[in-house]
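Single-letter residue listing:
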Amino acid sequence: MKKLFLSLVLVLLTSVSSYADGIVSQIVSAPIFANGTVRNIPSGINIYLQTDNINGLDFMNPSVIGYGIPPGGSLEVELIGGFERNPNVPLDDRSLLLTVGAPQQGLPEKAGGHKISEGENENTFVITPTGPDGMIPERLESPAKGVAFDQVQQRGIKIIHIGRHFAFISRGERGVIEVRFKDQGGNVIARGRGELEFLSQPRPQAFPTNITHDQRNHNWQRLGPGQVVGVAKGTLPIPLLLFDKNEGIGNMGVFGAGVLSNHQLAEMSYKIPKELRRYNGGLILKDRNGDGFLSPRDDVIIGGIVNEVPDGATGFQVVTPLVREKPFLSKPTIDFNQRAGKNLGGSIMQVVYIAGDKLGFYRITFSLLERFGDVTSPDGSSVTYTMVVE
């Protein structure tokens, strides 16, 4: 496969409204902070990349090779507007991390063969290869322990994570970021720019995560028709990192949460409120009375599920797994990983997915309501996982 930095379209952007274009697919909150994009809070963000040929979430497919940096070239990430620099935090490997996919499998400096430093202005990161061959995308693999067990290993740069150490604070209404790949002569060979609107106040958050199972990739899992993700050989339950509405920079979790599929709801003779019928895959609920079971009539509705499946597919379903005949509801992150739980807080909810009968991509989007328990609430945070039935 040709190296992706050789086959890109350069896009100049003039719009002042929200956008993401060129090699930038989207800019979102980093999946380890409750308030990564809240106004006047330290910035924790993820910049998703893409190419002109493979856009959006499809670029996260591990069968697609990510970016590299040519010999003598560089990658620049400039926070153009909406970000206030904290001069006490250097722009280095502690404040930016390259990753090879979503959920993010980190590519630290030593493993990636690169160095991160400050550019021509105080708001620009510069990533430069440390070896004479540059950063060859096919060779860029995360050193995370569980990567060796992935069905298909992610390779190449796909996401840029800013905010490990907080070098910036989000100010004003929105932030603008530009990403530029340059060749040895300093010529821009690929460019993208994106804008994100800062939240005026905190809200509940759901993120993809690979905290469980030694940072294995739970996204883009592969299985056969009718098989169950989390049961079939080589597959794992799908995890979501959950944060309740957090003031400041705390990361409080959502505990006792799980899902009921539309099929399960129908078996309970429960009619989904018309305000929530956008959720064609089921509801996310939080156990209210502590009995360890979920009921749409007794517990708090906190979100829902949207399925996008191949035409004509049947039999697909998202469910909460059972452990000792009780639903395995969300628990503190520390129960899954001591280090992550101590550093991040939050909670993790795991689900399993019954694949449909047709081959193709099955996308499952989990959305949290901005206001838990209010069926009129709009969606707030959302996360999408893709499963491949083959």
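Residues numbered from 1 in each chain as written. Predicted model: local features only at pLDDT ≥ 70, side-chain atom pairs only at ≥ 80, totals over all residues. Heavy atoms only, no water.

A. How the structure looks around the layout of surface pockets. The volume enclosed by the largest pocket comes to roughly 810 Å³. Every residue lining the largest pocket is counted, 24 residues in all, and those nearest its centre are I32, L97, Q215, R339 and L344. When residues in the lining of the largest pocket are grouped by element, the largest group, four residues, is from helix α3 (residues 338–344). Secondary structure elements with two or more residues in the lining of the second largest pocket: β2 (24–29), β13 (188–197), β14 (205–208) and β27 (379–389). Examining the composition of the lining of the second largest pocket, we find that six residues originate from one element, β27, more than from any other. For the lining of the second largest pocket, the class distribution of residues is 17 nonpolar, 12 polar and three charged. (1 Å grid on protein atoms, 1.4 Å probe; cavity = no way out; pocket = protein on both sides within 12 Å on 5 of 7 lines; lining within 4 Å. Points joined across faces, edges and corners; volume = space filled by probe spheres on them. Helix = DSSP H or I, 4+ residues; strand = E, 2+ residues; numbered from the N terminus. Nonpolar A, V, L, I, M, F, W, Y, C, P; charged D, E, K, R; others polar.)

B. Geometry of the pairing of strand β17 (residues 238–243). The buried fraction of β17 is high, at six of six residues. Side-chain alternation along β17 places I238, L240 and L242 on one buried face and P239, L241 and F243 on a second face that is also buried. Here β14 runs beside β17; their pairing, made up of four bridges, is antiparallel. Note on β17: the bridge partner recorded for Q205 is F243. Across five bridges, the pairing between β17 and strand β25 (residues 347–354) is antiparallel. The residue of β25 that forms the bridge with L242 is S347. (Buried < 20%, exposed > 50% of the residue type's maximum accessible area, 1.4 Å probe, protein only. Pairing = 2+ DSSP bridges.)

C. Spotlight on the packing of aromatic side chains. One pass over the structure, following the stated rule, counts 11 aromatic pairs. Between Y67 and F181, the aromatic rings sit 4.8 Å apart at their centres with planes inclined by 20°, giving stacked as the arrangement. Taken together, the positions of Y67 in the loop between β3 (45–49) and β4 (74–81) and F181 in strand β12 (residues 174–182) put the pair 114 residues apart, joining distant regions of the chain. Of the two residues, Y67 and F181, neither departs from the other in class, the shared state being buried. Taken together, a centroid distance of 6.3 Å and an interplanar angle of 85° make the contact between F328 and F336 edge-to-face. Connected via pairs of aromatic rings, a cluster forms that spans F83, F125, F168 and F198. Of note, K158 hangs over the ring of F59, and the distance from its end group to the ring centre comes to 5.5 Å. (Phe/Tyr/Trp six-rings, centres within 6.5 Å; stacked < 30°, edge-to-face > 60°. Lys NZ or Arg CZ within 6 Å of the ring centre and 35° of its normal.)

D. A look at the sheet that holds β12. The antiparallel open sheet is built from six strands, whose spatial order is β1-β13-β12-β4-β9-β8. Pairing within the sheet leaves two strands with one partner each, and these edge strands are β1 (20–22) and β8 (114–118). Going from strand to strand, the sheet's axes swing by 15° on average, the running direction of each strand aside. (Axes fitted to C-alpha atoms, helices over the stretch in contact; angles between N-to-C directions.)

E. Representation of the environment of G258 in the model. Looking at the element boundaries, G258 is found in strand β18 (residues 257–261). Judged by relative accessible area, G258 falls into the buried class, the value being 0%. Sequence separation between G258 and P143 is 115 residues; the distance between their C-alpha atoms is 32 Å. With near-sequence residues (within four places) excluded, G258 lies in contact with L283, I284, L285, L294, T320, L329 and M349. (Contact = heavy atoms within 4.5 Å.)

F. Geometry of the sheet that holds strand β20 (residues 300–308). Pairing is mixed across the open sheet formed by six strands, whose spatial order is β15-β27-β26-β20-β19-β18. The sheet is open, and its two borders are formed by β15 (221–223) and β18, each paired with just one other strand. Across the sheet, the mean angle from the axis of one strand to that of its neighbour is 25°, orientation sign disregarded. Pairing geometry for strand β19 (residues 282–286) and β20, over five bridges, is antiparallel. Note that in β20 the partner of L285 across the bridge is I301.

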